[in-house]
Amino acid sequence: MVAVILILVVILALAVACVVRAAALKPTLPAGSPIDAGGYHAGDAEVERFRTLLRIPTVSRDDPAKLDREPFDRWVPTLQRLYPRTFQAFELTHIDEYGILMRWPGRDSSLAPVVMMAHHDVVPTDGQEWTYPPFEAEVHDGQIWARGTLDNKLCFCGCMEAFEHLLAKGYVPPRDIWFFSSCCEETSGPTADNAVAWLREHNVHPCMVLDEGGAVATGVPLGVTSPMAMVGVSEKGHVDVTVTAHGTGGHASAPSNNDATRLLARATERICGHPGKPQVADAVTAMLQELAARGSFAYRIIFANMWLFRPLVGRILAAGAETGPMVRSTYALTQLQGSPARNVLPPEATANLNVRVAPFEDVSAALSRARAQAAEECRASGVAPDAVSVEIAENSLVNEPSPFSPHDDVQFDYIRRCVAGVYPEAGVCPYVQTSCSDSRSFTKICDHVYRFAAFIYTPVARGLIHGANERIPVDDYKRGVEFYVAFVRGLDQLKA
């Protein structure tokens, strides 16, 4: 009886502790005052300049021989016409052929500079069915329809508009501002790495880098009704692997369980279905707590007490389409190749798995796990251990996960203050970016690299990135531009 009472007392004490911690969980507020755009509001002229640049089809290609160079050739001349003050005040350096690196000299060059980034290349529209032409930038139902409206000419133009507006006001930043834009971000080209090498050679060590990534997201989980500015503090690694299965081949009239194609199908399904144990990083915990602080009390009980619920939370997150990639590596089956004929069993079949590597492990670990699962399928199928191989794909980009940038210091708080000044209704939280960006290159010279596109992205918008009918509401574009004005205008208040 005494033991039962003691157990009940312990349970009650745990429950009370959980409730107390949940009640104390509040949204994080900026440490300093909000930073706004100083009365600036983007207008129709800004929208027209945006549309002009959207009409330039700067489509990057994996195969350089297929690159249409003409749009890239007229990109900078068009910028010089649209933003004359910017190109008079900034020092322009070309990285590779079409990459842009620009310096706005500040009042005190001894202060560590700020880097603002975007990219001006876009993905192809080949094979997609658009309601309106993808490179005409037509406005329908209050929205601009064009490739690049969400990824990533909006950030590029937001920066340009901020520079041009503040230069017209006679503004001089307190420290140098560098602006970098890649011509091959979508193809994971070398321009960002080459820009970082150039900056390192010239002894440039930024105190902060702001690139694309998260956004002011609506429709976020945990029942949160307010928008959340999702600021990426790390991004996953990347590698493509080739899975190859071997069989005897032959005529399709006499199939077997271990034909190369069937063996390949089972092996790839086993690899994709066993991506490893989920882990909830500190940045993900901070994200969940910020979301829960704006959600129901039940969520607050869970996420304010991660010391107790972390394993459960990891499993729950791993099951979600949007949250799962934040807590584990992922293996996506993207390409399959088998027989060249419909009635022939091939002696060899191959698949490509696009692997995104979680920040708590490395490419080697993700590759080893895939190989272990392939070997397990060979054992289960009763075939030789080398019947299925897993190797890094030829010409694959191999990127390790990016290190975590702090989410509890003055640089992160500066973003929070700018969000508060332009989107006062929004919360701010860190998160792990599941896609790749050029900012990963800048982690070599800066410990404070943040991935945030300061525009409202609805769930519908997030589903349109790289897809047909990419578009952005005109009013959302105008408001996002104000963030970049605030970000540059308030740099006197960045004490870093």
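Conventions used here
- Residues numbered from 1 in each chain as written.
- Predicted model: local features only at pLDDT ≥ 70, side-chain atom pairs only at ≥ 80, totals over all residues.
- Heavy atoms only, no water.
- Buried < 20%, exposed > 50% of the residue type's maximum accessible area, 1.4 Å probe, protein only.
- Helix = DSSP H or I, 4+ residues; strand = E, 2+ residues; numbered from the N terminus.
- Pairing = 2+ DSSP bridges.
- 1 Å grid on protein atoms, 1.4 Å probe; cavity = no way out; pocket = protein on both sides within 12 Å on 5 of 7 lines; lining within 4 Å.
- Points joined across faces, edges and corners; volume = space filled by probe spheres on them.
- Nonpolar A, V, L, I, M, F, W, Y, C, P; charged D, E, K, R; others polar.
- UniProt positions renumbered as here; feature names shortened; annotations may be inferred.
- Axes fitted to C-alpha atoms, helices over the stretch in contact; angles between N-to-C directions.
- Contact = heavy atoms within 4.5 Å.
- Disulfide = S-S within 2.5 Å.
- Expected span 1.5 Å × (residues − 1).
- Bend = angle between axes of the 7 residues up to and from the residue.

Draft legend 1. Representation of the pairing of strand E6 (residues 177–182) in the model. Summarising burial for E6: six of the six residues are buried, a large majority. Neither face of E6 is open: one carries Ile177, Phe179 and Ser181, the other Trp178, Phe180 and Ser182, and all of them are buried. Relative to E6, strand E3 (residues 114–119) is paired through six bridges, and the arrangement is parallel. Counterpart to Ala118 in the pairing with E6 is Ser181.

Draft legend 2. Summary view of the layout of surface pockets. Here the second largest pocket is characterised by a volume of approximately 180 Å³. Around the second largest pocket, the lining is made up of 14 residues, and of these Asp193, Asn399, Arg440, Ser441 and Lys444 lie nearest the centre. Elements with a minimum of two residues in the lining of the second largest pocket: helix H7 (191–201) and helix H15 (439–442). Its residues assigned to classes, the lining of the second largest pocket shows four nonpolar, five polar and five charged.

Draft legend 3. Just the UniProt feature "domain: Peptidase M20 dimerisation" (unreviewed entry) in the chain, in detail. The UniProt feature table records "domain: Peptidase M20 dimerisation" (unreviewed entry) at residues 234–378. Secondary structure content for residues 234–378 is 45% helix and 23% strand, and the end C-alpha separation is 36 Å.

Draft legend 4. Representation of the sheet that holds strand E14 (residues 388–392) in the model. Taken together, the four strands give an open sheet; going across it, the order is E11-E13-E9-E14, and neighbouring strands pair in antiparallel fashion. Of all the strands in the sheet, just strand E11 (330–337) and E14 have a single pairing partner and so form its edges. Between one strand axis and the next, the sheet turns by 25° as a mean value, whatever way the strands run. Bridging between E11 and strand E13 (residues 348–357) involves seven bridges; their strand directions are antiparallel. Of the residues in E13, the one forming a bridge with Gln335 is Asn352. Strands in contact with helix H8 (residues 260–273) are strand E9 (237–246), E11, E13 and E14; relative to E13, the strand with the most contacts, it is inclined by about 10°. Those strands touched by helix H13 (residues 363–381) are E9, E11, E13 and E14, and its axis lies near 170° from that of E14.

Draft legend 5. Quick peek at the sheet that holds strand E5 (residues 143–145). Read across the open sheet, the three strands follow the order E4-E5-E17; overall the sheet is antiparallel. At either margin of the open sheet sits one strand with a lone partner, and together these are strand E4 (138–140) and strand E17 (471–473). Across the sheet, the mean angle from the axis of one strand to that of its neighbour is 30°, orientation sign disregarded. In this structure, E4 lies alongside E5, joined through three bridges in antiparallel fashion. The residue of E5 that forms the bridge with His140 is Gln143. Contacts between helix H17 (residues 474–489) and the sheet are confined to E4, E5 and E17, with E17 contributing the most and set at about 75° to the helix.

Draft legend 6. Focus on the state of the cysteines. The final tally for this structure, using the stated rule, is zero disulfides. Take Cys159: it sits in no disulfide, and the sulfur closest to it among the cysteines is that of Cys155, at 6.9 Å. Residue Cys159 is classed as buried on the basis of its relative accessible area of 1%. Take Cys429: it sits in no disulfide, and the sulfur closest to it among the cysteines is that of Cys418, at 17 Å. Look at Cys429 and you get buried, because its relative accessible area is 0%.

Draft legend 7. Structural context of helix H11 (residues 306–318). Between its first and last C-alpha atoms H11 spans 16 Å; for 13 residues at 1.5 Å apiece the expected length is 18 Å, and the helix comes up short by more than 12%. The largest bend in H11 comes to about 40°, at Leu312. In the core, the buried residues of H11 are packed alongside helix H9 (282–292), helix H10 (297–303) and helix H12 (324–327).

Draft legend 8. Summary view of the environment of Ala17. Looking at the secondary structure, you find Ala17 in helix H1 (residues 2–24). Residues Ala17 and His120, 103 residues apart in the sequence, show an inter-C-alpha distance of 51 Å.

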